[in-house]
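Tertiary structure, described
In case you want the letters, here they are:
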Amino acid sequence: MLLTIENTRKGEDARELGYLLQKHPDRLQSFELAFGQCHIFYPEASNERCRAALLLEIDPVKLVRGSGGKSKGDAPLAQYVNDRPYVASSLMSVALGKVFRSAMNGQCKDMPQLAETALPLTIELSAVPVKGGEPFLQAVFEPLGYEVEAERLPLDERFSEWGESRLFQIRLKTDAKLKDVLNHLYVLIPVLDREKHYYVGAEEIEKLLRRGEQWLKDHPLSQVIATRYLRNKKSLAALALERLAESENEKQNGDEGESGTANDATAQNTAGTEKSVGQEEALEKKLSLNEVRMDTVVERLKDLGVRRVADLGCGEGKLLSRLVHDFFFQEIVGMDVSIRSLEIAERRLKLDRMPERKAQRLKLLHGSLMYRDSRLNNFDAATCIEVIEHLDVPRLNAFEKVVFGQARPSYVLITTPNREYNKLFESLEEGRFRHSDHRFEWSRAEFRSWSKDICQRFGYSVDYFDVGTADPELGPPTQMGVFCRGD
Ligand code: SAH
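Residues numbered from 1 in each chain as written. Predicted model: local features only at pLDDT ≥ 70, side-chain atom pairs only at ≥ 80, totals over all residues. Heavy atoms only, no water.

Per-residue pLDDT for the protein averages 81, and the proportion of residues at 70 or more is 78%. The low-confidence segment residues 66-75, where pLDDT is below 50, has 16 contacts with residues more than four positions distant or belonging to other chains. When the criterion is pLDDT under 50, residues 196-200 qualifies, and its contacts beyond four places in sequence or with other chains add up to 25 contacts. (pLDDT = per-residue confidence, 0-100. Contact = heavy atoms within 4.5 Å.)

Structure (structure tokens):
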């Protein structure tokens, strides 16, 4: 478990980082913690570039004996055999709070003004489990002014066919005061992981309030962050946000304390908090349905032994990103009618910075599914993930001819919303579509009758799969048809 912080301030001695952290760049220092050891050293300490590293060595036995023992609770062996020693989690926060406490509090004995100076900083975390993947990382860090780069790590580098792990290597870049960065990391590392190692009680609220005081209230995901930090205890999260809002009111109202205005404002904020719980839950659900959708598609492609895939209507490249990081897939094409989406995909995938061997497997194409396109010939499979519902019904015919009639891959995987499930989205008015650009949303029967017709006309057979957890009556949130060419 390794965290590095790099300073590259121009025109100054970058080794100033040592004063801020109160750790000398030329010395290795080790600290004993309740659950292991923590080492601070500088892999690089020149005048131009100074990088401090915090290496956490966790002792699984100490971890179980200490206050963290209950966290892995159910299975006795899981207490000893788990990924905690290798990944950054809330233990990293504990270590940060111990070894960089003064920096976190904005104190710098020798150069006090330095603590108040924004520095060009790059933070790297070697392996962090992230629930919600890259979209969640971006949603959490970008509003705080970070540039986020994340790469999902393979389960085992020697066996790419094993696929990806849930761990990410993360790089964050920003121009900010070190104390702000440390406070962000303290709160957000355990939030990414979602699994805190010790019991979360009321005292955790104090830590969250203290470390999040300057920024949490205005963060668009404040509710999700507070809820995850407090280990999904909604009541505690609501209380924390309410208190943050309250302290803000107190500041604004001077020292009036219990005055009528302050109380009214607090009441409104509480109502706001409840409302935002709903919104954030919806967002979390959406993020996770997306993830589940991509997982389901990748799993199916692998089961079918598909190595050459064309993702039609690839959008911003969510599926492409999964495929390109997995060397099981040898040739990948992403096609979309929207240049803007393709540009975003290109940026997100960081094709320009990808090793040649990896990048050359992927091509992005601008094109429309309404027109015959020989570039789509000779693929093992085509995927159309949440695309058909964006096409006008009278134009579906052209789509069918292009994909099933002309490109004719061995397999076509199509996902689309299941309209019946919409009843379960509380915020969706009856009769409305999930997205304003949807031209239709089909029930399971409608999707099946369309699919059957395609099979008859183009010589394919079809199997149906649920995406997401199915309701016993209304079915899954997303439906998937896997078409297999007959010859
Ligand atoms: N598959 C992506 C994007 C789904 S949104 C994902 O799951 O994230 C639908 C996508 O279909 C949009 O990116 C839109 O630009 C694309 N699209 C719509 N009509 C299209 C057409 N005629 N040809 C190609 N792409 C189209």
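Taken together, 16 residues surround the ligand, and among them Gly313, Lys318, Asp336, Leu369 and Ile385 come closest. Between a nitrogen atom of the ligand and a main-chain N or O atom of Gly313, the distance comes to 2.7 Å. Between Val337 and the ligand, the recorded distance is 3.3 Å, taken from a backbone N or O atom to a nitrogen atom. For the ligand, whose unbound accessible area comes to 570 Å², protein coverage reaches 84%. (Near = heavy atom within 4 Å. Polar contact = N/O pair within 3.5 Å; in protein donor to acceptor, adjacent residues only side chain to side chain. Areas by Shrake-Rupley, 256 points an atom, 1.4 Å probe, with all protein chains shown as cover.)

On to the side chain of His438. Mapping His438 onto the fold places it in the loop between strand 12 (411-417) and helix 15 (444-458). Separated by 2.6 Å, the side chains of His438 and Glu441 make a polar contact. Contacts of His438, omitting those with residues within four sequence positions, involve Glu389, His390, Pro417 and Phe433. (Helix = DSSP H or I, 4+ residues; strand = E, 2+ residues; numbered from the N terminus.)

On a regular strand, each side chain points to the face opposite its neighbour's, so the side chains alternate between the two faces of the sheet. Sheet topology note: the strand 1 (residues 2-7)/strand 4 (residues 50-58) ladder contains six bridges and is antiparallel. Within the sheet, the bridge partner assigned to Leu2 lies in strand 4 and is Leu55. Of the pairings in the sheet, the one linking strand 3 (residues 36-45) to strand 4 comprises eight bridges and is antiparallel in character. Note on strand 4: the bridge partner recorded for Ala45 is Cys50. Joining the antiparallel neighbours strand 3 and strand 4 is a turn of four residues. (Pairing = 2+ DSSP bridges.)

Let us look at the pattern of salt bridges. All told, the structure shown has 31 salt bridges when counted by the stated rule. A salt bridge links Arg49 to Glu6, with the shortest nitrogen-to-oxygen separation between them at 2.9 Å. Here the residue Arg49 occupies a position in the loop between strand 3 and strand 4, and Glu6 occupies one in strand 1, the gap between them amounting to 43 residues. Taking the relative accessible area as the measure of exposure, Arg49 reaches 36% and is therefore partly exposed. Residue Asp487 pairs with Arg485 through a salt bridge whose shortest N-O separation is 2.9 Å. Residue classification places Asp487 among the exposed positions, given a relative accessible area of 70%. (Salt bridge = Lys/Arg side-chain N within 4 Å of Asp/Glu carboxyl O. Buried < 20%, exposed > 50% of the residue type's maximum accessible area, 1.4 Å probe, protein only.)

It is worth spelling out the environment of Gly486 at this point. The residue Gly486 is located in the segment after strand 14 (478-485) in this model. Sequence separation between Gly486 and Tyr460 is 26 residues; the distance between their C-alpha atoms is 5.0 Å. Once residues lying within four places of it in the same chain are set aside, the contact partners of Gly486 are Gly459 and Tyr460.

This part takes up the packing of helix 14 (residues 396-407) against helix 15. Contact geometry for helix 14 and helix 15: axes closest at 11 Å, N-to-C directions at 50°. As the angle between them shows, helix 14 and helix 15 are arranged oblique. Crossing geometry of helix 14 relative to helix 15 is assigned as right-handed. Residues Leu396, Asn397, Phe399, Glu400, Lys401, Phe404 and Gly405 of helix 14 pack against Trp450, Ile454, Arg457 and Phe458 of helix 15. (Axes fitted to C-alpha atoms, helices over the stretch in contact; angles between N-to-C directions. Parallel < 35°, antiparallel > 145°, perpendicular 65-115°, else oblique. Left-handed = near helix turned anticlockwise from the far one by under 90°.)

Another aspect to go through is unusual backbone geometry. With a phi angle near 55°, Gln22 is a residue other than glycine that sits in the positive phi range. Residue classification places Gln22 among the partly exposed residues on the basis of a relative accessible area of 30%.

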